[in-house]
Amino acid sequence: MTEIKLHNNKTRRKEVFEPIDRDNVRMYVCGPTVYDRAHLGNARPVVVFDVLYRLLRHVYGADKVTYARNFTDVEDKINVRAAETGRKISDITNETIQWFLDDMGSLGAMEPNLMPRATDYIPQMVTMIAGLIEKGHAYAAEGHVLFAVDSYKAYGALSGRSVDDMIAGARVEVAPYKKNPMDFVLWKPSDETQPGWESPWSWGRPGWHIECSAMADDLLGKSFDIHGGGNDLQFPHHENEIAQSCCANPGSDFARVWMHNEMLQVEGKKMSKSLGNFFTVRDLLDQGIPGEVIRFVFLSTHYRKPMDWTAEKAREAEKTLRKWYAISEDAGVAPEEKEADPELISALADDLNTPRAITACHRLANADDANQLRKNMDMLGFYEQGLPEWVNLGQQDLSHLETELFNLRETAKATKDFSAVDQMKSSLIGAGLEVQMTKESVKLVPGIDFDASKLEALK
Ligand code: AMP
Ligand code: ZN
């Protein structure tokens, strides 16, 4: 069996991955808060953990992996959006969830087999909170329930901070009902404009962190294999998840391996609305940047490195993918019948080294190995929706040009004047096409610098 190594943020080491149960490998990834379209940064963990999901399915079997990713559909940002727009909360969350699934589907991301919504797990959260109070890890005050960080010695271990450092560095909310400023909310009261549920403490709603602890417990068990999310979630969100789960279930591990993707930037700068470089996945798709291209750009940077989205990278990715699709489309063997490429698998099994996986594909493309390239592209999620339309369009244009060049040559053979043929050939080469001419046929193969816009002049 392939040995997978993953960088575990809990131990800060790259470790050999050994699941608790090889017949049920379990992974939980924190999902989006659903009140607006996913921005490009939100897509990074989706693509990163999609690659890991595919690798785990390959190594342990497609039916042996359980992947849960939640939707946070109760959160104050959603309430604000509802108040601003006068819309029902459920209309906003349902619409946003569908947008998210559509947009992430365009990036070739498979849907996790479990996609729990927080609002479907309120009773489990209430039970977990009650258990924490009973064990002395939480206290109720003024309709709120707070987790007492002093009651959990290991608080801060994941991010490597002491409670004092956290108080100094974080913008903690000071409130009269808190015993320690770092204590965080498990439950809070709602007014009539906010969503609420019955509980022993107040008619209210959960704090953010408790949902992941309660859903992971319910769906994956008290100890499971991998927990993922973006780096920004490490503190306080993941620290708080660990505190809640380990105190609710003493003796359990909660998640054994913690993985975090680094942040995405745009043209070297943090993505922000004020810098004007904030955009959603949908914005890019609407501008005509294919989802496969976005995926390729993401995979070209290792997940533990900051990744810079640039327009130049997108252009390069599109050229490469055109070439790969053109070659791999000729594959004669069905991808499921083809053995996986050992180079690709060993790259991915080495803490998801996707840049190296791409190098492996380049090598196959240069060797014109259509079957193996197709298999690799399949494994990396580039054929999730079959051959993309944007590639096809290019190819239809090419067959038209192939016929034109063939006919030109037939005429030239009769007139013995090949100048028009030579001229067309050099224009095609100038557009980045390889021109393959045999007696019977003309074939045009897009090279790495193929630029479809340069063909306009030929029309
Ligand atoms: P949120 O909806 O803000 O909770 O974020 C959903 C997911 O997107 C979390 O896993 C975040 O860590 C991740 N995320 C947010 N911003 C970025 C970014 N700029 N780069 C990479 N991941 C991000
Ligand atoms: Zn979470």
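Residues numbered from 1 in each chain as written. Chains lettered and ligands numbered in written order. Predicted model: local features only at pLDDT ≥ 70, side-chain atom pairs only at ≥ 80, totals over all residues. Heavy atoms only, no water.

Student: Whenever I open this one, the packing of helix α2 (residues 76–85) against helix α3 (residues 89–106) confuses me. Can you help?
Tutor: Two packed helices can be described by the angle between their axes and the distance between those axes. One way to put it is that α2 packs onto α3 with a least axis distance of 9 Å and a crossing angle of 115°. Between α2 and α3, the interaxial angle falls into the category roughly perpendicular. The crossing of α2 and α3 is right-handed. Touching Ile 78, Asn 79, Arg 81, Ala 82 and Thr 85 of α2 are Ile 89, Ile 92 and Thr 93, all from α3. Residue classes in the contact of α2 with α3 are distributed as four nonpolar, three polar and one charged. (Axes fitted to C-alpha atoms, helices over the stretch in contact; angles between N-to-C directions. Helix = DSSP H or I, 4+ residues; strand = E, 2+ residues; numbered from the N terminus. Parallel < 35°, antiparallel > 145°, perpendicular 65-115°, else oblique. Left-handed = near helix turned anticlockwise from the far one by under 90°. Contact = heavy atoms within 4.5 Å. Nonpolar A, V, L, I, M, F, W, Y, C, P; charged D, E, K, R; others polar.)

Student: What exactly am I supposed to notice about unusual backbone geometry here?
Tutor: Trans peptide bonds make up the majority, and among non-glycine residues the majority have a negative phi. For the bond running from Phe 235 to Pro 236, omega is 5°, close enough to zero to count as cis. When you line up the elements, Pro 236 lands in helix α7 (residues 234–248). Its identity is not glycine, yet Arg 12 carries a phi of approximately 60°, on the positive side.

Student: Even after reading the chapter, I still don't get the site of ligand 1, so can you show me in this structure?
Tutor: Taken together, 15 residues lie near ligand 1, and Gly 41, Asn 42, Gly 230, Asp 232 and Leu 264 sit nearest. Here an oxygen atom of ligand 1 sits 2.4 Å away from a polar atom, N or O, in the side chain of Asp 232. Contact with the protein chains covers 84% of the free accessible surface of ligand 1, which is 490 Å². Here the shell around ligand 1 takes four residues from helix α1 (residues 40–60), the largest share from any one element. In the shell around ligand 1, the residues fall into six nonpolar, six polar and three charged. (Near = heavy atom within 4 Å. Polar contact = N/O pair within 3.5 Å; in protein donor to acceptor, adjacent residues only side chain to side chain. Areas by Shrake-Rupley, 256 points an atom, 1.4 Å probe, with all protein chains shown as cover.)

Student: Whenever I open this one, empty space enclosed by the protein confuses me. Can you help?
Tutor: Considering all chains together, one arrives at three cavities of 30 Å³ or more under this definition. Considered as a void within the structure, the largest cavity measures approximately 80 Å³ in volume. Lining the largest cavity, in full, are Arg 44, Val 48, Val 51, Phe 298, Leu 299, Thr 301, His 302, Tyr 303, Leu 352 and Thr 354. Mapped onto the lining of the largest cavity, the elements with two or more residues apiece are α1 and α9 (291–299). The leading source of residues in the lining of the largest cavity is α1, at three residues. Residues from two domains meet in the lining of the largest cavity; each of domain 1 (5–261) and domain 2 (265–391) gives at least three. (1 Å grid on protein atoms, 1.4 Å probe; cavity = no way out; pocket = protein on both sides within 12 Å on 5 of 7 lines; lining within 4 Å. Points joined across faces, edges and corners; volume = space filled by probe spheres on them. Domains from an automatic or database assignment.)

Student: I tried to follow the coordination of the zinc ion (ligand 2) on my own but got confused; where do I start?
Tutor: Metal coordination angles have textbook ideals: 109.5 degrees for a tetrahedral set of four donors and 90 or 180 degrees for an octahedral set of six. Summarising the metal site, the zinc ion (ligand 2) is bound by the protein donors Cys 30 (SG), Cys 212 (SG), His 237 (NE2) and Glu 241 (OE), whose distances to it range over 2.1 to 2.3 Å. Taken together, the four donor atoms surrounding the zinc ion (ligand 2) define angles of 79 to 129° at the centre, an arrangement classified as irregular. Spacing between the donor residues of the zinc ion (ligand 2) along their common chain follows C-x181-C-x24-H-x3-E. Residue Cys 30 is found in the loop between β3 (25–29) and α1, and its partner Glu 241 is found in helix α7; the two are separated by 211 residues along the sequence. (Donors = N, O, S within 2.8 Å, 3.2 Å for Na, K, Ca; no water. Tetrahedral: all angles 85-135°; square planar, octahedral: opposite > 155°, others 65-115°.)

Student: How do you make sense of the packing of helix α4 (residues 122–134) against helix α6 (residues 209–220) when you look at a structure like this?
Tutor: At their nearest, the axes of α4 and α6 sit 9 Å apart, and the two run at 105° to each other. With respect to their mutual orientation, α4 and α6 come out roughly perpendicular. The residues of α6 that touch α4, namely those facing Gln 124, Met 125, Met 128, Ile 129 and Leu 132, are Ile 210, Glu 211, Ser 213, Ala 214, Asp 217 and Asp 218. For the contact of α4 with α6, the class distribution of residues is six nonpolar, two polar and three charged.

These values are about where atoms sit, not about what they do.
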